[in-house]
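Summary of structural features
Here's the letter readout for the chains.
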Amino acid sequence: MSAPKKIFGTDGVRGTANVEPVTAETALKLGRAAAHVFKKLSKQARGYGKHKIVIGKDTRLSGYMLENAISSGILSMGVDVLFIGPLPTPGVAYITRSLRADAGIVITASHNPYADNGIKFFRADGYKLDDKIENQIEGLVFSGEIEKVRPAAEEIGKAVRIDDALGRYIEFAKAGFPKHLTLENFRIVVDCGHGAAYKSTPCVLRELGAEVIVFGNQPDGKNINENCGSMYPEALCQKVVEHKANLGIAHDGDADRVILCDENGKLIDGDDIMAIAALDMLAQKTLAERTLVATVMSNAGLEAAIKAAGGKIIRTAVGDRNVIDEMLKHGYNFGGEQSGHLIFRDFSTTGDGLVAALQILRIMREKKTSLSKLAKCWTRFPQLVTNVKVREKVPFEQLDGLLKLVSSAETDLKSAGGRVLLRYSGTEPKARLLVEGRDEKSLKTWSQKICGVIEKQIGA
């Protein structure tokens, strides 16, 4: 038997726009299949009411094409569509819950270049789909079974635009910031990456009293993530210093992640944010089970700092969905990734760059201290991450001499508390290598050797 066809990756469906699977044709089929599956799920959950699915998107040009295609599929199955326009991914998750919808869909490729796009789904409760539901949708798309399901003409759904979605999300985000505090006398530089947060983040910060200097807030459909945002924070750091700001905030295209910059122009990544927030939560006794959930990519120094404060870290595979799954399974309330996905479950069901930034701003305000001083709460082990573009994702064991070289690197680095992590990206044609230890020169040597073998055999 041949393996079942796959359309979902580590974070929904993703690829180059107008190339399979990110085409209007497949989006229409996905819409039909998803509507059918979610109708069944909601009948089991509540058994009544008109079915409806929320659709939001980032600012990519191809979003119009996919939005119309997937909504046509949903409507043809007798399910209403609620359009909310460009909104951060966590905003789509929140609006899905707020409007009591059967599901939420966000059309985005997150931090990828503008030519890419994707489709992510949320359940009625605002959490991402589990594998079982994804498999059901895939099965319907590839088997053709969905073609047999055709509601009568009078049952076809209708589409409406929700005009106050942005306002709803702004109020939701502000609710996580203590009412007795403001951001008055704070000067904040914000880089929206010409993405989905180009209105929401500056608006929230201003309403809380901050002086906001914003850029990357003029999307034209093609400039999303282009030399800006959390993937390219150099301009942010420069502007923070130029404007003598208290800090800088940078989002990716769909604003489910955030990277910060302190008042000196130094980057503050997801590990820094987790250290600051988790140590504060430990001190306040609000970190559930005294446990932080991180991925295998997080720095070993983070684990050392949390342990020293009486907490512990649980590591998962890379991907915010893996972090959230672990949190849900055991009732943990904080976790994240080095890349800037931070999940504060007391406030949100998914990674939210704005909510995360507000939590750091809260700590700065309460402790009356700068971000640079807060970031000194832990010591980072030397770590080197290298990406190698590949033309195909050949299993590493099939590459001549690669695993033997990795094993030698592990043996060498482990003696000093280091490690090696080699994996393929789940969303891009890249191999990702992480080497960690106490000797930076040794890290560079091993990184060059391992990446050289990969480039020579499957480099793009």
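Figured I'd write up the structure that's included with this text.

Quick notes on the rules
- Residues numbered from 1 in each chain as written.
- Predicted model: local features only at pLDDT ≥ 70, side-chain atom pairs only at ≥ 80, totals over all residues.
- Heavy atoms only, no water.
- 1 Å grid on protein atoms, 1.4 Å probe; cavity = no way out; pocket = protein on both sides within 12 Å on 5 of 7 lines; lining within 4 Å.
- Points joined across faces, edges and corners; volume = space filled by probe spheres on them.
- Helix = DSSP H or I, 4+ residues; strand = E, 2+ residues; numbered from the N terminus.
- Pairing = 2+ DSSP bridges.
- Axes fitted to C-alpha atoms, helices over the stretch in contact; angles between N-to-C directions.
- Salt bridge = Lys/Arg side-chain N within 4 Å of Asp/Glu carboxyl O.
- Buried < 20%, exposed > 50% of the residue type's maximum accessible area, 1.4 Å probe, protein only.
- Contact = heavy atoms within 4.5 Å.
- Polar contact = N/O pair within 3.5 Å; in protein donor to acceptor, adjacent residues only side chain to side chain.
- Parallel < 35°, antiparallel > 145°, perpendicular 65-115°, else oblique.
- Left-handed = near helix turned anticlockwise from the far one by under 90°.
- Nonpolar A, V, L, I, M, F, W, Y, C, P; charged D, E, K, R; others polar.
- Phe/Tyr/Trp six-rings, centres within 6.5 Å; stacked < 30°, edge-to-face > 60°.
- Lys NZ or Arg CZ within 6 Å of the ring centre and 35° of its normal.
- Expected span 1.5 Å × (residues − 1).
- Arc of directions from axis to C-beta.

Some details on the layout of surface pockets
- Looking at the largest pocket, its volume works out to about 1,200 Å³.
- Taken together, 39 residues make up the lining of the largest pocket; nearest its centre are Arg257, Gln338, Ser339, Arg423 and Arg432.
- For the lining of the largest pocket, the secondary-structure elements that each account for two or more residues are strand S11 (267–268), helix H10 (320–330), strand S16 (383–389), strand S17 (419–424) and strand S18 (430–436).
- Considering each element in turn, the lining of the largest pocket owes the most residues, four residues, to S16.

Description of the sheet that holds strand S3 (residues 80–86)
- In spatial order, the strands read S1-S5-S4-S2-S3-S6; together these six strands make up an open sheet with mixed pairing. Edge strands, defined here as strands with exactly one partner in the open sheet, are strand S1 (13–16) and strand S6 (159–161). For this sheet the average axis-to-axis angle between neighbouring strands, irrespective of direction, equals 20°.
- One ladder, built from four bridges, connects S1 with strand S5 (residues 116–123); its direction is antiparallel. Within the sheet, the bridge partner assigned to arginine 14 lies in S5 and is glycine 118.

Some words on the pattern of salt bridges
- All told, the structure shown has 29 salt bridges when counted by the stated rule.
- The partner of aspartate 11 in a salt bridge is arginine 14, with the nearest N and O atoms 3.6 Å apart. Accessibility assignment for this pair places aspartate 11 and arginine 14 in one class, buried.
- What emerges from the salt-bridge pattern is a single network uniting Asp11, Arg14, Lys120, Lys128, Asp254, Asp256 and Asp320.

Quick notes on the environment of arginine 315
- Within the element layout of this structure, arginine 315 appears in strand S13 (residues 312–316).
- In contact with arginine 315, not counting residues within four places along its chain, are Ala294, Thr295, Val296, Met297, Ser298, Asn299, Ala300, Glu303 and Arg419.
- A distance of 2.8 Å separates a polar atom in the side chain of arginine 315 from the backbone oxygen of serine 298.

Description of the packing of helix H5 (residues 165–174) against helix H6 (residues 200–207)
- One way to put it is that H5 packs onto H6 with a least axis distance of 10 Å and a crossing angle of 50°. As judged from the angle between their axes, H5 and H6 are oblique. The element H5 and its partner H6 pack so that their crossing is right-handed. Side by side, H5 and H6 meet where Leu166, Tyr169, Ile170, Glu171, Ala173 and Lys174 of the first sit next to Ser200, Cys203, Val204 and Glu207 of the second.
- For the contact of H5 with H6, the residue count by class is six nonpolar, one polar and three charged.

A look at empty space enclosed by the protein
- As enumerated under the stated definition, the model contains one cavity of 30 Å³ or more in all.
- Each pocket or cavity is described by its volume, and for the largest cavity that value is around 70 Å³.
- In terms of lining, the largest cavity is formed by Phe8, Gly9, Thr10, Asp11, Gly12, Lys120, Phe121, Lys128, Leu129, Glu134 and Arg321.

As for the packing of aromatic side chains
- Evaluated as defined, the whole model comprises six aromatic pairs.
- Between tyrosine 169 and phenylalanine 172, the ring centres sit 5.9 Å apart and the planes meet at 35°, which makes this aromatic pair tilted. With tyrosine 169 and phenylalanine 172 both in helix H5, this residue pair falls three residues apart, about one helical turn.
- Take tyrosine 169: its relative accessible area is 1%, and that puts it in the buried class.
- The class for phenylalanine 172 is buried, based on a relative accessible area of 12%.
- Every member of this aromatic cluster is reached through a ring pair, and the members are Phe8, Phe38 and Phe121.
- The positively charged end of arginine 438 is found above the aromatic ring belonging to phenylalanine 381, 4.5 Å away from the centroid.

Concerning helix H13 (residues 402–414)
- Over its 13 residues, H13 runs 18 Å from end to end, which matches the ideal 18 Å to within 8%, given 1.5 Å per residue.
- Looking at H13, one finds that the buried residues are Leu402, Leu405, Val406, Ala409 and Leu413. The arc enclosing the buried residues of H13, seen along the axis, measures out at 100°, which places them on a common side. Facing away from the buried side of H13 by over 90 degrees, the exposed positions are Lys404, Thr411 and Lys414.
- Contacts made by the buried residues of H13 are with S17, S18 and helix H14 (440–458).

Quick notes on unusual backbone geometry
- With an omega of 10°, the peptide bond running from glutamate 20 to proline 21 counts as cis.
- Checked against the element boundaries, proline 21 lands in the loop between S1 and helix H1 (24–45).
- Even without a glycine there, the phi angle at alanine 255 is positive, about 60°.
- Here alanine 255 shows up in the loop between strand S9 (247–251) and strand S10 (258–261).

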